[in-house]
Amino acid sequence: MHGVIISNLKKYVEEKLGEDAWDTLRDKAGLTGKAFIPISMYPDSDLDDLLAAAVEITGQGRDEILKDFGAWVIPPLMKMYRSFIPEDWDAVTFLKNIDDRIHERVVRMKDASARPPHINVSEISPGLLEVEYQSHRDMSYLALGCVYGVADYYGQKAALMEEKRVVGTHRTFIMRISAGEQVTRDVV
């Protein structure tokens, strides 16, 4: 698992549950004192253990936590990788290019052995997307949350129309992306 995900999970947990919550979560996950550096790679089991601890602490379901975190993590990731994203893109264009632009150019550029999920997004009709998630990890709801986060980032709205479990951890989501408020982004 890429460290940028886990380091952002730390920020998310602290924002949602308070400053001390991260230490409690790590302790419950059996990862006491372990630091997660954004540019490093970690075993998938670290994230799985942290999620299991979060479920136990919050009483929320794993998929619910992943979806909320996925939506939350988009603004910091967009800020971090802004140079890879053309300014004239909208949510649909971003999502249709996520595998090529983000996973290939960002994740694998930093670590050629990285195994990010394959997220194939195709536009069935204007604003109606098929989001196909394929991975050895069971993190499809993280991807679903990211779709909501991307739409929100661009001032658009996302709605889940249909969900299909394809095989094992592979899922397909049919999403409607519609116009929302016009968003002006500060150039940093």
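These notes cover the structure that comes with them.

Reading guide: rules and limits
Residues numbered from 1 in each chain as written. Predicted model: local features only at pLDDT ≥ 70, side-chain atom pairs only at ≥ 80, totals over all residues. Heavy atoms only, no water. Helix = DSSP H or I, 4+ residues; strand = E, 2+ residues; numbered from the N terminus. Buried < 20%, exposed > 50% of the residue type's maximum accessible area, 1.4 Å probe, protein only. Pairing = 2+ DSSP bridges. Axes fitted to C-alpha atoms, helices over the stretch in contact; angles between N-to-C directions. Contact = heavy atoms within 4.5 Å. Salt bridge = Lys/Arg side-chain N within 4 Å of Asp/Glu carboxyl O.

Moving on: the environment of P126. Within the secondary structure, P126 sits in the loop between β1 (118-125) and β2 (128-134). You can call P126 exposed: its relative accessible area is 72%. C-alpha of P126 to C-alpha of R176: the two residues are 50 residues apart in sequence and 8.9 Å apart in space.

The subject of this paragraph is the sheet that holds strand β4 (residues 171-178). Strands sit in the order β1-β2-β4-β3 across an open sheet of 4 strands; the sheet is antiparallel. Strand pairing shows two members of the sheet lacking a second neighbour, β1 and β3 (157-165), which therefore form its edges. With strand direction ignored, the average angle separating the axes of adjacent strands in the sheet is 25 degrees. Here 8 bridges tie β3 to β4, and the two strands are oriented antiparallel to one another. Residue pairing in the sheet places K157 in a bridge with S178 of β4. Packing of helix α7 (residues 140-153) onto the sheet brings it into contact with β1, β2, β3 and β4, and relative to β4 it is tilted by some 10 degrees.

Our next topic: the pattern of salt bridges. Counted under the stated rule, the structure contains 11 salt bridges. For the salt bridge of R26 with D23, the shortest nitrogen-to-oxygen distance reads 2.5 Å. Taken together, the residues span about one helical turn, with R26 and D23 both in helix α2 (residues 21-28) at a distance of 3 residues. On the basis of relative accessible area, R26 is assigned to the buried category, the value being 12%. Looking at D23, the relative accessible area reads 38%, which means it is partly exposed. Notably, a salt bridge pairs D44 with R137, separated by 3.0 Å at the nearest N-O pair. Here D44, found in helix α3 (residues 44-58), pairs with R137, found in the loop between β2 and α7; they are 93 residues apart in sequence, far enough to count as distant. Residue classification places D44 among the partly exposed positions, given a relative accessible area of 22%.

It is worth stressing that arrangement in space is one thing and function is another; only the former is reported here.
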